[in-house]
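Descriptive structure summary
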Amino acid sequence: MITKRIDAGAASFAEEIPWLASVIRSGGLVAFPTETVYGLGGNALDREAARRIYAAKGRPSDNPLIVHVASMEDVPLYVKTIAPVQKKLMEQFWPGPLTIIFDKKEIIPDETSGGLPTVAMRCPANEATRQIIRVAGVPLAGPSANISGRPSPTTASAVLSDLDGKIQAVIDDGTCDVGLESTIVAIEDGTIVIYRPGGVTEEMLSAIGPVRIDRAILGAGDRPKAPGMKYRHYAPKAPLAIFTGNIEKVEKAILEEAKKEGRIGFFVSTETAEKLPARHPVFIWGRRDNQREFAHNLFSGLHYFDSLPVERIVGEGTNTTGLGLAIMNRLEKASGHHIVVKDA
Ligand code: TXA
Ligand code: MG
């Protein structure tokens, strides 16, 4: 299969939309841009399309797919009930990086929901993607457009490096703004429970109602409520270790690593990078006081080291407030829990 790369910014994009919609309606796969990461899209109402998504990703089929809609008006077609707090969340954060779990209607096949009685719904902020969903007339099942276990793609090139030849098309709309997957929430006894931290933070959700973080995210050893959270994930090819905690001590530890033998890649803040000797490959995730920049650059940084002959990667973490919770959650997984905490 030849994968067609289609530029969402081109004047001719409108002419491509009917073809893209027909590929989706007939069970094909199209990678689509969102504000979080690129998705691997197929008709969410078609069990065969869902099976093709699992096959293209090499993903276990007990791991449910997120269903993307063009607007909150479409949600009643696919879910049994909408609680007032779910309605408020949609009104406040859609279109945007928030996925909400509902009880599903029959029309959502078990292949899409990974056998669960629930369905995860999200309305992405990308205009090209919402236009295609509207024209296709079906919702898009869309996991991140990477091979299972690999870093999520935030550019069309990263999508192609994993899925070229396995999908009909990728819609290229540049680099994803947020850079991390959506926050996933469910409502349990009236409380908003975060199953996966992301671009919509605990602090932002608190404006709607009481919020709790699923214990499994905090490393309590429980079984995670989002099935995908239990798998090894986001891993670059070289082993990764993350240093976090007291800034002076973290910086000192990283500079010690830089004195060691071997080809080491450094994934660090601007502040630390300025002190590193020039002979090492470095990817700067941003300034320490800017977690948005860190999130935005996280997956492209992990991809960057895949293209270099490094034996291992030494990374600098951040604190877990605000967006930091999502950043450190992804780094925990990408490093296989190799987090070195330097205390005050
Ligand atoms: O930002 C995003 O959410 C991106 C873009 C493409 O929209 N999508 C994404 O999908 O990250 P994926 O498949 O990589 O992650 C979906 C996560 C998995 O951890 C899955 O287990 C969880 O959502 N999930 C899906 N449906 C669920 C459900 N009904 N209950 C609990 N967790 C669910
Ligand atoms: Mg994923």
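Use the structure listed above.
Presented here is an overview of the structure given in this document.

**Regarding helix 1 (residues 13-25)**
Side chains of residues three or four places apart in an α-helix project in the same direction, reflecting 3.6 residues per turn. Compared with an ideal rise of 1.5 Å per residue, which puts 13 residues at 18 Å, helix 1 spans 19 Å between its outermost C-alpha atoms and is within 8% of the ideal. Close packing links the buried residues of helix 1 with strand 1 (4-7), strand 2 (30-32), strand 3 (39-43), helix 5 (127-136), strand 7 (140-141) and strand 8 (169-172). Just downstream of helix 1, glycine 27 is the residue with a positive phi angle, here 90 degrees.

**So, the site of ligand 1**
Close to ligand 1 lie 27 residues; Thr36, Asn63, His68, Ser182 and Gly228 are nearest. At a separation of 2.6 Å, an oxygen atom of ligand 1 approaches a polar side-chain atom of threonine 36. Interatomic distance of 2.6 Å between a side-chain N/O atom of serine 182 and an oxygen atom of ligand 1. If ligand 1 stood free it would expose 680 Å²; the protein chains cover 98% of that surface. Those elements that provide at least two residues to the shell around ligand 1 are strand 4 (66-68) and strand 6 (118-122). No other element matches strand 6, which puts four residues into the shell around ligand 1. Of the residues contributing to the shell around ligand 1, the split by class is 13 nonpolar, nine polar and five charged.

**Quick notes on the sheet that holds strand 7**
In spatial order, the strands read 1-8-2-3-7-4-6-5-9-10-11; together these eleven strands make up an open sheet with mixed pairing. Every other strand in the sheet has two partners, leaving strand 1 and strand 11 (211-213) as the edge strands with one partner each. When strand 4 meets strand 6, the two strands line up parallel, connected through three bridges. In the sheet register, valine 67 faces strand 6, and the bridge partner there is methionine 121. Running over the sheet, helix 2 (residues 47-57) touches strand 3 and strand 7 and is turned about 155 degrees from strand 3. The strands touched by helix 3 (residues 84-93) within the sheet are strand 5 (98-103), strand 9 (183-188) and strand 10 (191-196), with strand 5 carrying the most contacts at an inclination of about 155 degrees.

Rules behind the numbers
Residues numbered from 1 in each chain as written. Chains lettered and ligands numbered in written order. Predicted model: local features only at pLDDT ≥ 70, side-chain atom pairs only at ≥ 80, totals over all residues. Heavy atoms only, no water. Helix = DSSP H or I, 4+ residues; strand = E, 2+ residues; numbered from the N terminus. Expected span 1.5 Å × (residues − 1). Contact = heavy atoms within 4.5 Å. Near = heavy atom within 4 Å. Polar contact = N/O pair within 3.5 Å; in protein donor to acceptor, adjacent residues only side chain to side chain. Areas by Shrake-Rupley, 256 points an atom, 1.4 Å probe, with all protein chains shown as cover. Nonpolar A, V, L, I, M, F, W, Y, C, P; charged D, E, K, R; others polar. Pairing = 2+ DSSP bridges. Axes fitted to C-alpha atoms, helices over the stretch in contact; angles between N-to-C directions.

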